[in-house]
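Geometric and topological summary
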2 protein chains.
Amino acid sequence: MRPVTVYDIAREANVSVATVSRVLNNTAPVKKETRDRIVALMNKHQFQPNALARSLTRKETGMIGFILPDITNPFFPEVLSGFDSEARRLGYTYFLCDTISTNEENQRLYDRQYERESQYLGLLMEKQVDGIVMIGGRVDLAKPDPELAREVEELAKRVPIVLLNGSLPKTKLNRVSADQKLGAQLAVQHLIGLGHRDIALIGGYAKMSNTQQRLSGFRSAMKDAGLAVRREWTLTEGFSVEKGQEFAARLLNMKRRPTAMFCLNDLLAIGALKAAHRAGIAVPEELSIVGYDDIPQATYSIPELTTVSLKSQEIGRQAAKTLDKMIAGKKVPALQSIVPELIVRETTAPPPDVPGA
Amino acid sequence: MRPVTVYDIAREANVSVATVSRVLNNTAPVKKETRDRIVALMNKHQFQPNALARSLTRKETGMIGFILPDITNPFFPEVLSGFDSEARRLGYTYFLCDTISTNEENQRLYDRQYERESQYLGLLMEKQVDGIVMIGGRVDLAKPDPELAREVEELAKRVPIVLLNGSLPKTKLNRVSADQKLGAQLAVQHLIGLGHRDIALIGGYAKMSNTQQRLSGFRSAMKDAGLAVRREWTLTEGFSVEKGQEFAARLLNMKRRPTAMFCLNDLLAIGALKAAHRAGIAVPEELSIVGYDDIPQATYSIPELTTVSLKSQEIGRQAAKTLDKMIAGKKVPALQSIVPELIVRETTAPPPDVPGA
């Protein structure tokens, strides 16, 4: 089943390829009768401008490269799914480039991911993509090696590049990013509003900018409420279910333990739920848990997770729109900020010692 | 940070590119002293033959196309992660092609996926990949349109193609596939062994070969034990958490209800767990649940899922090995069968009315 091309449509409609292209791209007026005939044929053949057809009609490949760090982390497929819906609507196809390698024991190896990013950037340039989206990896680093930033900056002179949910310091690259600090503030203010004073924070990686911003939101919300951040209740370096379970178990074993845990992603929160269950501690009656990201799994657990939605699909959609404008040579804002939203479900309640709880 | 190429290594080692290539590909003897110097430089620069380097030295692009239906279904990232580890070890990089589109409401649209597959197949040929892996989509259909099969068969004359966990009838394409029927038999025999006689089956799509094979395994295990399959306890057409919850709720509302549910994937089983929880029915004390696939989420739930591992990573690894052999012009078996494994966790127990339960 060879895909139908602009040539097939032109032949069957008895018009030139240029006319089909004009209808397709809306670049110049076409007689109504002719347009209707062409559109009817496109519908009949379920024609969709593919990379090849686009490159014939618009001198573009219609291909976008999407570089991400770890497709097994469910946050990224969500961003991708938003990107997908918009990119396809705009007529693009894309190649996914996953930069994390897996060893024989299925451990994810992060040590060579920046090198992998460079490798994929080179490949995508070689394959002449129209644009590149980058998320995670070096874009997540608070202080990346200047060479990593410079490489992307150089390529951005030749092809439109958009960074998602992060940045490369000292560059002027276009970005679409959720307000990570605000997200953390929303989560912690919700817990404080319920009456919690003893709030722990678990997860993240100290070297990552998203972790630093979420920590900053946590600290500012605590400070605004006159509450102390206890150093022994801030457990970082990890983003997995296993780490969440380990951190939460450690907190629940302390003599003085928190009544609420703010987890820097939903996988950690799922791990915390498991730790509470193993310790015989009821959620949310005896312990409140808030996640972050709002991945689909946030509603799979019993009870369902209260969490912060980063509007990951919106981030993906904006990425596609922005890239399309850049490809068309239009101006776009340097940073498009996405406002996160608190999603209250079943893992938060007043602490046990508060009247009315 | 431009990736280090064979040219850089050759220059620094003061040898020809051909010599570096010989060391790299082990195609001809190189003096030990020279080899040691080259290997030391490769290690120093963490050199890894990328697509470009490979194509210079071996007339290949080093690129594989991986076509899958839905990256947000966690089964596929697992297959991919096994594929990844082996493909990278063999020196390949790959492009992912996701064929399911998403609409504005984030519903996954399956209606145009076969067309998308054709589109991606065309693109991958255009980009001159060394090989193609296909999983899901048309490969899952019990009776695909002959055109869909013919298209892949034609392309397979020009580039090595491997089909995973499925087939295209009346073609001689190479396949790596889990024994789906055996997997279902293992699950149902486990339930029967615990004393269950009233076993329901939920999920799957009747037109898909994997569903037909799992249904066949279910029926044969029931028949072998002299147990009846009740039509009203076989609820198909769905693979999501939501569908699992809906099917299970319907079963739990029946006058005569099953003591065990065999779910055709883990997402359905997670939905069944939620339905049981909502109905106040204890798992596994009052109801046993078995999943299928063994995705990472199978251990996120409380209780953790008893399920059937399809060895998804092993399937991925075998796909990479097989494709590599085909690219090198070597013979490979037409079908490599992967033996599934029952993973007993916490959602299965004897039924409530059996002594000793």
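Remember, it's a predicted structure, so these values are computed and weren't measured experimentally. (Residues numbered from 1 in each chain as written. Chains lettered and ligands numbered in written order. Predicted model: local features only at pLDDT ≥ 70, side-chain atom pairs only at ≥ 80, totals over all residues. Heavy atoms only, no water.)

1. Section: the domain arrangement of chain A
Residues and elements named next belong to chain A.
- Splitting chain A by domain gives domain 1 (6-49), domain 2 (58-179 + 311-339) and domain 3 (180-310).
- Averaged C-alpha coordinates put domain 2 and domain 3 at centres separated by 28 Å.
- Taken together, the contact between domain 2 and domain 3 spans 17 residues of the former and 17 residues of the latter.
- Summing the contributions of domain 2 and of domain 3, the shared interface buries around 1,300 Å²; its carbon and sulfur component is 53%.
- When the buried surface of domain 2 facing domain 3 is broken down by residue, Pro74, Asp140 and Asp179 rank first, second and third, together holding 37% of it.
- For the pair domain 2 and domain 3, the number of links is zero salt bridges.
- For the pair domain 2 and domain 3, the number of links is eight residue pairs in polar contact (both at pLDDT 80 or more).
- Split by residue class, the side of domain 2 that touches domain 3 holds 10 nonpolar, three polar and four charged. (Domains from an automatic or database assignment. Contact = heavy atoms within 4.5 Å. Buried area = accessible area lost by both parts, 1.4 Å probe. Salt bridge = Lys/Arg side-chain N within 4 Å of Asp/Glu carboxyl O. Polar contact = N/O pair within 3.5 Å; in protein donor to acceptor, adjacent residues only side chain to side chain. Nonpolar A, V, L, I, M, F, W, Y, C, P; charged D, E, K, R; others polar.)

2. A short note on the sheet that holds strand 11 (residues 288-290) of chain A
All names here are of chain A.
- On the basis of which strands lie adjacent, the open sheet formed by four strands has the order 9-8-10-11 and parallel pairing. At either margin of the open sheet sits one strand with a lone partner, and together these are strand 9 (234-235) and strand 11.
- Here strand 8 (residues 199-202) pairs with strand 10 (residues 260-263) via four bridges, running parallel. By the bridge assignment, Ala200 is partnered in strand 10 with Met261. (Pairing = 2+ DSSP bridges. Helix = DSSP H or I, 4+ residues; strand = E, 2+ residues; numbered from the N terminus.)

3. Notes on the sheet that holds strand 8 (residues 199-202) of chain B
- Within the open sheet, the four strands sit side by side as 9-8-10-11 (chain B). Their pairing is parallel. Only two strands of the sheet have a single partner each, and these edge strands are strand 9 (234-235) and strand 11 (288-290) of chain B.

4. A closer look at the side chain of Glu117(B)
Residues and elements named next belong to chain B.
- By the secondary structure assignment, Glu117 is in helix 6 (residues 113-126).
- For Glu117, a relative accessible area of 1% corresponds to the buried category.
- A polar atom in the side chain of Glu117 sits 2.6 Å from the side chain of Arg138.
- Leave out the neighbours within four places in its chain, and Glu117 touches Ile67, Thr99, Met134, Gly136, Gly137 and Arg138. (Buried < 20%, exposed > 50% of the residue type's maximum accessible area, 1.4 Å probe, protein only.)

5. Here we look at the pattern of salt bridges
- In this structure the tally under the stated criterion is 32 salt bridges over all chains.
- The closest approach of N and O atoms between Asp294(A) and Arg345(A), which form a salt bridge, is 3.1 Å. A residue pair is termed long-range when its members are at least 10 positions apart, and Asp294(A) in the loop between strand 11 and strand 12 (307-309) and Arg345(A) in the segment after strand 14 (341-343) qualify at 51 residues.
- A residue is classified by how much of its surface remains accessible, and Arg345(A), at 23% relative accessible area, is partly exposed.
- When the shortest N-O distance is used, the salt bridge between Arg230(B) and Glu232(B) registers 2.8 Å.
- Look at the salt bridges and you will find they share partners, linking Lys274(A), Arg278(A), Glu304(B) and Glu346(B) into a network.

6. A short note on unusual backbone geometry
Residue and element names in this part refer to chain B.
- A cis geometry characterises the amide bond from Val283 onward to Pro284, with omega recorded as 10 degrees.
- With respect to the helices and strands, the residue Pro284 is situated in the loop between helix 11 (266-278) and strand 11.
- For the bond from Ile302 to Pro303, the omega torsion is -5 degrees, close enough to zero to count as cis.
- On the secondary structure map, Pro303 appears in the loop between strand 11 and strand 12 (307-309).
- Backbone geometry places Lys170, a non-glycine residue, at a positive phi of 65 degrees.
- Turning to its location among the elements, Lys170 is positioned in the loop between strand 6 (161-164) and strand 7 (174-178).
- Overall, the relative accessible area of 86% leaves Lys170 in the exposed class.
- The phi torsion at Asp293 lies on the positive side, around 115 degrees, for a residue other than glycine.
- Checked against the element boundaries, Asp293 lands in the loop between strand 11 and strand 12.

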